[in-house]
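Listed below, chain by chain, are the residues.
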Amino acid sequence: DAGVTQSPTHLIKTRGQHVTLRCSPISGHKSVSWYQQVLGQGPQFIFQYYEKEERGRGNFPDRFSARQFPNYSSELNVNALLLGDSALYLCASSSPSGIGDEQFFGPGTRLTVL
Amino acid sequence: SQQGEEDPQALSIQEGENATMNCSYKTSINNLQWYRQNSGRGLVHLILIRSNEREKHSGRLRVTLDTSKKSSSLLITASRAADTASYFCATALTPFNKFYFGSGTKLNVKP
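A. View of the interface of chain B and chain A. Counting residues at the interface gives 24 residues for chain B and 22 residues for chain A. Between chain B and chain A, the buried area comes to about 1700 Å², and carbon and sulfur atoms account for 51% of it. Across the chain B-chain A interface, the total number found is zero salt bridges. Our count for the chain B to chain A interface comes out at three residue pairs in polar contact (both at pLDDT 80 or more). When contributions to the side of chain B that touches chain A are tallied by element, the ones reaching two or more residues are strand S4 (29-37), strand S5 (43-50), strand S9 (85-93) and strand S10 (99-101) of chain B. At five residues, the largest contribution of residues to the side of chain B that touches chain A is made by S4(B). Of the residues contributing to the side of chain B that touches chain A, the split by class is 10 nonpolar, 12 polar and two charged.

B. How the structure looks around the pairing of strand S11 (residues 105-110) of chain B. Residue and element names in this part refer to chain B. Because side chains alternate across S11, one face comprises the buried residues Thr-105, Leu-107 and Val-109, and the other comprises Lys-106, Asn-108 and Lys-110, none of which is buried. Bridge count for strand S2 (residues 10-14) against S11 is five bridges, and the pairing is parallel. Counted as the bridge partner of Ser-12 is Asn-108 from S11.

C. Broad picture of the side chain of B:Ser86. Structurally, B:Ser86 can be placed in strand S9. With sequence-adjacent residues up to four places away left out, B:Ser86 is seen in contact with B:Tyr35, B:Arg36, B:Gln37, B:Thr105 and B:Lys106.

D. Just the sheet that holds strand S3 (residues 19-24) of chain A, in detail. All names here are of chain A. Strand order across the open sheet formed by four strands is S1-S3-S8-S7, with antiparallel pairing between neighbours. Edge positions in the sheet fall to strand S1 (5-7) and strand S7 (64-68), since each has one partner strand and no second. Across the sheet, the mean angle separating the axes of adjacent strands is 15° when strand polarity is ignored. Where S1 and S3 come together, three bridges link them in antiparallel fashion. Across the sheet, the residue bridging to Ser-7 is Arg-22, located in S3.

Calculation criteria
Residues numbered from 1 in each chain as written. Chains lettered and ligands numbered in written order. Predicted model: local features only at pLDDT ≥ 70, side-chain atom pairs only at ≥ 80, totals over all residues. Heavy atoms only, no water. Contact = heavy atoms within 4.5 Å. Buried area = accessible area lost by both parts, 1.4 Å probe. Salt bridge = Lys/Arg side-chain N within 4 Å of Asp/Glu carboxyl O. Polar contact = N/O pair within 3.5 Å; in protein donor to acceptor, adjacent residues only side chain to side chain. Helix = DSSP H or I, 4+ residues; strand = E, 2+ residues; numbered from the N terminus. Nonpolar A, V, L, I, M, F, W, Y, C, P; charged D, E, K, R; others polar. Buried < 20%, exposed > 50% of the residue type's maximum accessible area, 1.4 Å probe, protein only. Pairing = 2+ DSSP bridges. Axes fitted to C-alpha atoms, helices over the stretch in contact; angles between N-to-C directions.

Right, here's the structure in full:
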């Protein structure tokens, strides 16, 4: 079975632009979470979606939004990019049976904002 | 500030030695998980320990959890060069379905 896939692998944008990152969960997983990892730090929780509904949101500005599709894939959108948005964006899927299920991570999308 | 914090921030050992890293957290948790990350790539799940468990083993890994001290430790026995990576603890809070990661321990195993 394929693991969590993310696209694109790398992305370079300029300040003020917007970006869309994509994630496909493991087959059968209905929950997708997004994380931002700045160099040298641990991942920071952005969103969790389950059955197309937002289940949790981290402390990120409204420039960050996400959605989940009927096939459980997900998109993360970031508007009005800032230099500080440069980071590795990780997607994780889990098969929810309760709070805090094991999460399976994709390889990430490295976003560079110039 | 971060819910979970690992200690030490960096650890350098020789192949064959044991490596111990610690994680402290602040609030009640549902479970605690340890992940490994190689060179800024995706995270690999190592082990999950629930709040009602005190110790768990998986291969060369041993994890302990002390909920009274709000701390956990990860022991890697007989380390190998391939264990060189960053290790993170992640806490799942109750009732919120969010994961919080610490800032990680960077382990370097010298051959």
